[in-house]
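What follows is the residue order along each chain.
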Amino acid sequence: MLPPGLFRWLAAMPGAHVGPVRVGPSECGMGGGLYLTERVSDGDLLFAVPHSAVMSVEAAFADPRLGTGLAALSESDGDRAALAGFVASKLLASDARSPYLATLPARSAVDPQHMLWWGRDEVSLLEGTGAHRECLRLREEVDEVA
């Protein structure tokens, strides 16, 4: 579920748009979903996130304090490692993006929300899908870096 401060934080950013939507428990499983609060027409803008709010590899490299080191990390270990380092630095620093960062899944033995923390039986349920291939590829990448 998204923290209540997320929409306020986002709406205050230039270029952001929060339309007739609300956040509620996902009807597809764990987490939250975005639901309409009124009828809309085809082409209506529902939600827009400005580029300045995006956590990206480009934003990581542009960071005045960490950019050079993260670019070097990307060269040696890949963009995923650089982005993970960038996100970790923002989490540790209580960054202005904190309302967004609070939405990221946290590792928990009770509620493992990311496929890296799933057991073999859970991963095997994805066999035959693109998600299964991506999960195996991601696990292999993590094993190489670790």
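This structure is a prediction, so every number in the text was calculated from the model and none was measured.

Draft legend 1. Up close: the packing of helix H3 (residues 67–77) against helix H4 (residues 79–92). Where H3 meets H4, the axes come as close as 7 Å, and the angle between the chain directions of the two elements is 145°. The element H3 and its partner H4 pack so that their crossing is right-handed. Between H3 and H4, the residues in contact are Leu 70, Leu 73, Ser 74 and Asp 77 and Asp 79, Ala 81, Ala 82, Gly 85 and Phe 86, respectively. By residue class, the composition of the contact of H3 with H4 is five nonpolar, two polar and two charged.

Draft legend 2. Just the packing of aromatic side chains, in detail. If you walk through the whole model with that rule in mind, you get one aromatic pair. Relative to Phe 47, the ring of Phe 7 has its centre 5.8 Å away and its plane inclined at 50°; by these criteria the two rings are tilted. With Phe 7 in helix H1 (residues 5–11) and Phe 47 in strand E4 (residues 47–48), this pair connects stretches of sequence that are 40 residues apart.

Draft legend 3. Local environment of the side chain of Ser 74. Note on placement: Ser 74 falls in helix H3. Not counting chain neighbours up to four residues away, the residues in contact with Ser 74 comprise Phe 61, Asp 79 and Ala 82.

Here is what the cut-offs are and how they apply
- Residues numbered from 1 in each chain as written.
- Predicted model: local features only at pLDDT ≥ 70, side-chain atom pairs only at ≥ 80, totals over all residues.
- Heavy atoms only, no water.
- Axes fitted to C-alpha atoms, helices over the stretch in contact; angles between N-to-C directions.
- Helix = DSSP H or I, 4+ residues; strand = E, 2+ residues; numbered from the N terminus.
- Left-handed = near helix turned anticlockwise from the far one by under 90°.
- Contact = heavy atoms within 4.5 Å.
- Nonpolar A, V, L, I, M, F, W, Y, C, P; charged D, E, K, R; others polar.
- Phe/Tyr/Trp six-rings, centres within 6.5 Å; stacked < 30°, edge-to-face > 60°.

Read these as geometric descriptors, not functional statements.
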